[in-house]
Amino acid sequence: MRHRSFLASLLVLYLSIGAAGANPHIVVDVETGKVLAHERAFDRWYPASITKIMTAYLAFEAVQSGDLSMRSPVRITKRAAAEPPSKMGYPVGTELTLENAIKIMLVKSANDVTMAVGEAIGGTSDKFLAMMNERAAALGMTDTNFVNPHGLPGAGQYTTARDFGLLSALVRRQYPEYAGVFSIEALKLPGRKAPVTNTNILIGRMAGADGMKTGYICASGFNLVASATRNRRTVVAVVLGALDQQERAEKAADLLAAGFATDPATVSDTVLTLPRYGNGGTEVADIRSDICTGEAQLNRYDGRDVDGKLIYRSSNIEPMRRAPVAVAVSLGGADGPPARNTGMVDIPIPAKRPAGLRDLVLERPPVDPADLVVEGEAEPTASVAETGEAVAADQAEDTMASSPGGEDGTAQSAAVEPAIIAIPVPQSRPEQVQ
């Protein structure tokens, strides 16, 4: 039984609406950088998988500089293969193009592929992590620290709505040629019959919605960086700490709609000049007690009525009455400039690991899924807690997208094959757009 009762679900629904107004958020006009709306924009928060926007940004920079191309190889290393879910589970040595790796990273949110992308750009995971934090500081992300390229739980990882408003607007402004990878509705993966659909439910359901990335761990709640373009104007909204997928999408949709209704000329503050406010503390918010306790999971509203149909509380979202358009990705085919970790060999982990090989051989021990704890989680620094939260995140993020069919949750007929489109890859190095 999906809910204890429909009335109980409605009660949770209305309580969630009241809580949503207090979520940290920011709305930014991409062209001007003007801040169109904000609340608690400087509260430190766990970014979860919206972290992958920074990983994608550094990939775009590597292509722009000529160090890599979208056809450069991304290889699954032992380090990458050991990452907890959500993941593709490709064997060590599997190779794919940077273009296909980015698509999988942003749509499937695969942590193993994301780690492989970081290693391809930086040479090692530690060097890529240093690149992430150096770039964040250079951009003016004053309240952000990354500890990995994918956003899995880790002590010391934090950001703010303001910082990701800055980053996301910059990505869209600097690299418009790659906007299409953020708006993919679904992926058609080799060896899988059903497409993997994007967990950003605004795409295909809100007028002009075209990206960017969802995120979820127990401590952060449901995060979303959303973008939309109307009449050649692009707006991004960052929502942190929603209680469910539906709430974060509806909040973002309403913020984006209000952003389009606001003339940037009437606003003075940009995302760089917005005065800092709030308590000014360094504590990172942790809302796991609102998200991952047994009671919270039991009461969580999943956006469906008693008949299993998705319903929307925002007038800015319409049901999708077609199958998501799927983009095909494949393995192999890499013939571009070599990645920075090309030629490195995965070395088996010795009993006592030499410090000099740390970046090449780091691998987590296997964890039996039966031993994972999803409810009542430990601190995120423990490896089992990280893996347990990752599995919970994978399941939660896939819930809304598990049905390849329409909004009523019913499966599409086997005879219906989603259309496949290709996103063009620039053959020459793009010029930076200011």
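Draft legend 1. Spotlight on the state of the cysteines. For the structure on display, the rule yields one disulfide. Two residues, C218 and C292, share a disulfide whose sulfurs are 1.9 Å apart. Because the sign of the S-S torsion sets the handedness, a value of about -85° for the bond joining C218 and C292 places this disulfide among the left-handed ones. Here C218, found in the loop between β7 (209–217) and β8 (221–230), pairs with C292, found in the loop between α9 (288–291) and α10 (294–299); they are 74 residues apart in sequence, far enough to count as distant. Each member of the pair, C218 as well as C292, is classed as buried.

Draft legend 2. Spotlight on the pattern of salt bridges. Summed over the entire model, instances satisfying the criterion amount to 14 salt bridges. One salt bridge in this structure joins K103 and E99, with 3.1 Å as the shortest N-O distance. Here E99 and K103 lie together in helix α4 (residues 98–107), a separation of four residues that amounts to about one turn. We note that K103, like E99, is buried. Taken together, the shared-partner salt bridges in this structure form one network comprising R44, D143 and R276.

Draft legend 3. Representation of α4 within the structure. The element α4 is extensively covered by neighbouring structure, given that 10 of its 10 residues are classed as buried. Immediately beyond the C-terminal end of α4, within one or two residues, lies S109, with a positive phi of roughly 60°.

Draft legend 4. Just the packing of aromatic side chains, in detail. Tallied over the entire structure, the rule returns eight aromatic pairs. When the ring of F42 is compared with that of Y277, the centres are 5.5 Å apart and the planes differ by 80°; the resulting orientation is edge-to-face. A residue pair is termed long-range when its members are at least 10 positions apart, and F42 in the loop between β2 (35–39) and α2 (52–65) and Y277 in the loop between α8 (245–260) and α9 qualify at 235 residues. Residue F42 is classed as buried on the basis of its relative accessible area, which comes to 7%.

Draft legend 5. The packing of α2 against helix α7 (residues 161–174), seen in detail. Following both chains from N to C, one finds α2 and α7 inclined at 35°, their axes separated by 11 Å at the closest point. Relative to α7, α2 is oriented so that their crossing is left-handed. Of the residues in α7, those in contact with I53, M54, Y57 and F60 of α2 are F164, L167, S168, L170, V171 and Q174. Looking at side-chain class alone, the contact of α2 with α7 contains eight nonpolar, two polar and no charged residues.

Draft legend 6. Representation of the pairing of strand β1 (residues 25–29) in the model. In terms of burial, β1 is a largely internal element, five of the five residues being buried. Covered by surrounding structure in β1 are H25, V27 and D29 together with I26 and V28, the residues of both alternating faces. Bridge count for β1 against β2 is four bridges, and the pairing is antiparallel. Each bridged residue has a counterpart across the sheet, and for H25 the counterpart in β2 is E39.

Draft legend 7. Seen up close, the sheet that holds β7. Taken together, the five strands give an open sheet; going across it, the order is β2-β1-β9-β8-β7, and neighbouring strands pair in antiparallel fashion. In this open sheet, the two strands that pair with only one neighbour each are β2 and β7. Neighbour to neighbour, the strand axes of the sheet diverge by 10° on average, direction disregarded. Judged from the eight bridges that link them, β8 and strand β9 (residues 233–242) form a sheet pairing that is antiparallel. Bridge pairing in β9 links V225 to V238. Contacts from α8 reach β1, β2, β7, β8 and β9 within the one sheet, and its direction differs from that of β9 by about 145°.

Draft legend 8. Quick look at the packing of α2 against α4. One can describe the packing of α2 onto α4 by two numbers: an axis separation of 10 Å at closest approach and a directional angle of 165°. When the axes of α2 and α4 are compared, the pair comes out roughly antiparallel. The crossing of α2 and α4 is left-handed. Here K52, T55, A56, A59, F60 and V63 of α2 lie close against α4, whose contacting residues are L98, I102, M105 and L106. Among the residues making up the contact of α2 with α4, the classes are represented as eight nonpolar, one polar and one charged.

Draft legend 9. Geometry of the nonpolar core. Within the largest apolar cluster, 77 residues are counted, with the highest numbers of intra-cluster contacts made by M54, F60 and I104. When residues of this core are assigned to their parent elements, the largest contribution, nine residues, is made by α2. With near-sequence residues (within four places) excluded, I104 lies in contact with M88, Y90, L96, S109, A110, V113, L187, L189 and V329. Listed in part, the 22 residues of the second largest apolar core include L202, V239, A249 and V267.

Draft legend 10. Here's a closer look at the environment of A59. Its location among the elements puts A59 in helix α2. On the basis of relative accessible area, A59 is assigned to the buried category, the value being 0%. With 43 residues separating them in the primary sequence, A59 and I102 have C-alpha atoms 8.4 Å apart. Sequence-distant contacts of A59, defined by excluding residues within four places in its chain, comprise L98, I102 and I121.

Draft legend 11. Focus on the confidence of the model for the protein chain. Looking at the protein chain, pLDDT values average 80 and 72% of them are 70 or higher. Per-residue pLDDT stays below 50 along residues 1–21; that stretch engages in 24 contacts with residues further than four places along the chain or on separate chains. Confidence over residues 398–434 falls short of pLDDT 50; this stretch has 74 contacts with residues more than four positions distant or in other chains.

Definitions and limits used
Residues numbered from 1 in each chain as written. Predicted model: local features only at pLDDT ≥ 70, side-chain atom pairs only at ≥ 80, totals over all residues. Heavy atoms only, no water. Disulfide = S-S within 2.5 Å. Helix = DSSP H or I, 4+ residues; strand = E, 2+ residues; numbered from the N terminus. Buried < 20%, exposed > 50% of the residue type's maximum accessible area, 1.4 Å probe, protein only. Salt bridge = Lys/Arg side-chain N within 4 Å of Asp/Glu carboxyl O. Phe/Tyr/Trp six-rings, centres within 6.5 Å; stacked < 30°, edge-to-face > 60°. Axes fitted to C-alpha atoms, helices over the stretch in contact; angles between N-to-C directions. Left-handed = near helix turned anticlockwise from the far one by under 90°. Contact = heavy atoms within 4.5 Å. Nonpolar A, V, L, I, M, F, W, Y, C, P; charged D, E, K, R; others polar. Pairing = 2+ DSSP bridges. Parallel < 35°, antiparallel > 145°, perpendicular 65-115°, else oblique. Core = buried A, V, L, I, M, F, W, Y, C linked by side-chain atoms within 4.5 Å. pLDDT = per-residue confidence, 0-100.

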